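One letter stands for each residue in the lines below.
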Amino acid sequence: MADFLWRALAAGLLLAVVAGPLGCFIVWRRMAYFGDTLSHSALFGIALGLLANLDMQLTVVLACCAIALLLVLLERQQSLATDTLLGILAHSALALGLVMISFTHTQIDLQAYLFGDLLTVTTQELWWLLGGSVLALVVLLSQWNPLLSFTLQSELAQVEGLNTTRLRVLLMLVVAVVVAVAMKVVGVLLITSLLIIPAATARLFARSPEQMALGASACGCLAVLGGLASSWQWNTPTGPSIVVVAALLFAVSAIIKGRK
Amino acid sequence: MIYHRFTRPLLHCIQATDLNTAPSITATSATCIPQALLHLHGIDYSAGGHHILHQVNLHLKQGQILTLIGPNGAGKTSLVKIALGLVQPTRGTVDRRANLRIGYMPQKLQVETTLPLTVQRFLQLVPHASNTDIVAALDEVGAAHVLHSRLQSLSGGEQQRVLLARALLRKPELLVLDEPTQGVDLKGQADLYRLITRIRDVHGCGVLMVSHDLHLVMSATDEVICLNQHVCCHGHPEQVSNDPAYLELFGQSGAQAMAVYTHHHYHGHNLAGDVVDEHVHDEHCQHDHAPSLLTNPHNHKDGH
């Protein structure tokens, strides 16, 4: 098998594994729109990287984290609802990114960023993905119970001695990092789907939060394998194929579950 | 704003003089009695331009059950949150005994339906709680049968008992219960109050709870604070139920009927206890001079 295929497989599976538990928190805490906002701001990070002539993956990670922290600050003002703030941030960052890219006078393959280009993943990008995924997994696993307590009832967790502000910001930053490094796999427009569809599929059968997280990772891996296979077989775009397989898995699971 | 709840070496007091000033922490051994668990002094609280609490004092000793009672919007939950350190008062001092272990039972637990969680797993989230502890705690609150049930499938009463079990697993010195009987039928309410009294007897913890009705809670509490943004009256439940300020707040018949109405989703409450009326306030300021029942002989003209 060709080198590029191994890299694509490794990148896809790595992302699927970390997307399992992280996707669960995104579903439980209703952060889907937050994930979308971050992925939109990834384009702003790309523009930043082009203009400043820096490593693009680095600027994307920085842009996503900056947007996450900006949201934390704006939410403190409590003048607008969170979804309104997210809408403002998402589309401003996207538009700003596109305007900035036009200034660079470089021809970039926008489609690759929007829908991913898994088959052209470089070794360096793979390292970024590995770093981001390991970081996210370490945080999620070490803080699993506190994060669950916090998700269930924030005030109860706070009275029991947890620093809920820290946990919230931590989770947002983890989402930001994962979204940023995942861009190459499925593209900014489809990242959130890879986080929430496997989690939603696993929810149908899980009886505990841990089962749901593991199940989501497994569903994600199946989707990546299926997507790559179909891309190989029928020459379909890889990122969208992965999402289509994930969605099919969900549909089939929901039907099976409904029959029972 | 940080409370340093578990790090203070002795009984310390937190002074919050102004919203813009960080609370300074000072030792006040003179004003704090050793077995006191919780002492709130001169609490003012406003949020979003509304004055919610004015000059509220509260003192809770070990083994004592103190009930906050008052109409909707009286500031009961705000006061509880201030006592817990979840919310910072605009003015006043909050003293908690050093390293005070608090078991908190929030009004309600709304669990996302997407989060699959059994009662057992929920209780395992309490640090250091073994399965034996969990079974014992559920047993104590009379909910042993729900151990393997899904959290979302519990009835109102079962959910309250599970929350109580979670609070007990922390081996609390202070139990804080925000409307422990919400969503529970009348018979279940009486059972729950008996359970709370028994827990106090067995564990010797102090209990601070919020209730809507005095009549049901009467036999379960040592002291009552009747709250309507300020302390209207306080004392033993019998005293309070005859206090003019209490009767003014709930109305003669309203006071009697409260016990019956509470489980009907509050529809009696607006009649009985709308907070906003300026004259209600003035009225019981005049009544308030009954000497032993008064915590806050407040000024009529201070216009809060």
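Basis of the calculations
Residues numbered from 1 in each chain as written. Chains lettered and ligands numbered in written order. Predicted model: local features only at pLDDT ≥ 70, side-chain atom pairs only at ≥ 80, totals over all residues. Helix = DSSP H or I, 4+ residues; strand = E, 2+ residues; numbered from the N terminus. Buried ≥ 20, exposed ≤ 12 C-beta atoms within 10 Å, placed from the backbone. Contact = placed C-beta atoms within 7 Å. Rg over C-alpha atoms; globule rule 2.2 N^0.38 Å. Pairing = 2+ DSSP bridges. Axes fitted to C-alpha atoms, helices over the stretch in contact; angles between N-to-C directions. Nonpolar A, V, L, I, M, F, W, Y, C, P; charged D, E, K, R; others polar. Arc of directions from axis to C-beta. pLDDT = per-residue confidence, 0-100. Core = buried A, V, L, I, M, F, W, Y, C linked by C-beta atoms within 7 Å. Parallel < 35°, antiparallel > 145°, perpendicular 65-115°, else oblique. Left-handed = near helix turned anticlockwise from the far one by under 90°.

Peer 1: I tried to follow the overall build of chain B on my own but got confused; where do I start?
Peer 2: The secondary structure content of chain B amounts to eleven helices and eleven strands. Taken over 304 residues, chain B has a buried fraction of 45%. Residue pairs in contact within chain B that sit at least 24 positions apart in sequence constitute 68% of those at least 6 positions apart.

Peer 1: Sorry if this is basic, but what is going on with the overall build of chain A here?
Peer 2: Check the secondary structure of chain A and you find twelve helices and zero strands. Of the regular secondary structure in chain A, the N- to C-terminal order runs α-α-α-α-α-α-α-α-α-α-α-α. Taking 18 Å as the expected radius of gyration for a compact globule of 260 residues, we find that chain A reaches 18 Å, a close match to that expectation. Principal axes of the C-alpha set define a box for chain A whose edges measure 55 × 45 × 30 Å. Put simply, chain A has 260 residues, and 49% of those count as buried.

Peer 1: Looking at this structure, I do not really get the sheet that holds strand S10 (residues 223-227) of chain B. What am I missing?
Peer 2: Residue and element names in this part refer to chain B. The six strands lie next to each other as S7-S8-S9-S5-S10-S11, forming an open sheet whose pairing is mixed. The open sheet has two edge strands, strand S7 (102-105) and strand S11 (231-235), and neither has a second partner. In this sheet, neighbouring strand axes are inclined to one another by 15° on average, regardless of whether the strands run parallel or antiparallel. Inspection of the sheet shows strand S5 (residues 65-69) paired to S10 by four bridges, in the parallel sense.

Peer 1: What is the right way to read the interface of chain B and chain A from this model?
Peer 2: A common way to report how large an interface is uses the accessible area buried once the components associate. In this assembly, 17 residues from chain B lie in contact with 19 residues from chain A. Within the side of chain B that touches chain A, the residues separate by chemical class into twelve nonpolar, two polar and three charged.

Peer 1: I tried to follow helix H3 (residues 131-140) of chain B on my own but got confused; where do I start?
Peer 2: Since there are 3.6 residues in each turn of an α-helix, residues three or four apart along the chain are aligned in direction. Residue and element names in this part refer to chain B. Buried residues of H3: Ile 134, Ala 137 and Leu 138, and no others. Down the axis of H3, the sector holding all buried residues measures 95°, keeping them to one side. The inward-facing, buried residues of H3 contact helix H2 (119-124) and helix H4 (156-169). Just past H3, the residue Gly 142 takes up positive phi, approximately 70°.

Peer 1: Looking at this model, I keep getting lost on the confidence of the model for chain B. Mind explaining?
Peer 2: The predicted coordinates should not be examined in detail at positions where pLDDT is low. Residue and element names in this part refer to chain B. Of the residues in chain B, 71% reach a pLDDT of 70 or more, and the chain-wide mean stands at 73. Predicted confidence is poor over residues 1-34, with pLDDT under 50, and the contacts of this stretch with residues over four places away or in other chains come to 44 contacts. Scored below 50 in pLDDT, residues 257-304 shows 69 contacts in the model against residues more than four places distant or in partner chains. Per the prediction output, this complex has pTM 0.79; the corresponding ipTM is 0.86.

Peer 1: Just to check I follow, could you spell out the pairing of strand S4 (residues 50-61) of chain B for this structure?
Peer 2: Remember that side chains alternate between the two faces of the sheet whenever the strand is regular. Residues and elements named next belong to chain B. Relative to S4, strand S3 (residues 36-47) runs antiparallel, the two sharing eight bridges. Considered in S4, the bridge of Ala 47 is made with His 50. Count of turn residues in the S3/S4 antiparallel hairpin: two residues, of which Gly 48 carries a positive phi of about 55°.

Peer 1: How do you make sense of the nonpolar core when you look at a structure like this?
Peer 2: General note: in soluble globular proteins, nonpolar side chains tend to be found buried as a group. Formed by 162 residues in total, the largest nonpolar core has its most connected members in Leu22(A), Ala42(A), Cys64(A), Val175(A), Leu194(A), Val176(B) and Cys226(B). Leaving out residues up to four positions away in the same chain, Cys226(B) has contacts with Ile69(B), Gly70(B), Cys232(B), Cys233(B), His234(B), Val240(B), Ala245(B), Tyr246(B) and Leu249(B).

Peer 1: How do you make sense of the pairing of S3(B) when you look at a structure like this?
Peer 2: When S3(B) meets strand S6 (residues 91-96) of chain B, the two strands line up antiparallel, connected through five bridges. For His39(B), the partnering residue across the bridge sits in S6(B) and is Asp95(B).

Peer 1: Just to check I follow, could you spell out helix H1 (residues 76-84) of chain B for this structure?
Peer 2: All names here are of chain B. Here H1 lies mainly inside the structure; eight of its nine residues are buried. Regarding H1, the residues found buried are Lys 76, Ser 78, Leu 79, Val 80, Lys 81, Ile 82, Ala 83 and Leu 84. Positive phi appears at Gly 85, one or two residues downstream of H1, with a value of about 90°.

Peer 1: Got a minute to help me understand the packing of helix H11 (residues 209-234) of chain A against helix H12 (residues 238-259) of chain A in this structure?
Peer 2: A packed helix pair is summarised by two numbers, namely the angle formed by the two axes and the spacing between the axes. Residue and element names in this part refer to chain A. At their nearest, the axes of H11 and H12 sit 7 Å apart, and the two run at 130° to each other. Between H11 and H12, the interaxial angle falls into the category oblique. Handedness of the H11/H12 crossing: right-handed. Counting all contacts with H11, which are made through Cys 219, Leu 222, Ala 223, Val 224, Gly 226, Gly 227, Leu 228, Ser 230 and Ser 231, the residues of H12 involved are Thr 238, Ser 241, Ile 242, Val 245, Ala 246 and Leu 249.

Peer 1: Sorry if this is basic, but what is going on with the environment of Lys257(A) here?
Peer 2: Position of Lys257(A) relative to the elements: it lies in helix H12. Considering only alpha carbons, one finds Lys257(A) and Phe150(A), 107 residues apart in sequence, at a separation of 30 Å.

Peer 1: Help me understand unusual backbone geometry in this model?
Peer 2: Leaving glycine out, the prevailing phi sign among residues is negative, and the prevailing peptide bond configuration is trans. Positive phi is not limited to glycine here, since Asn53(A) has a value of about 60°. Along the chain, Asn53(A) falls in the loop between helix H2 (32-52) and helix H3 (56-77). The residue Gln55(B) is not glycine, and still its phi comes out positive at about 50°. Examined against the element boundaries, Gln55(B) turns out to sit in strand S4.

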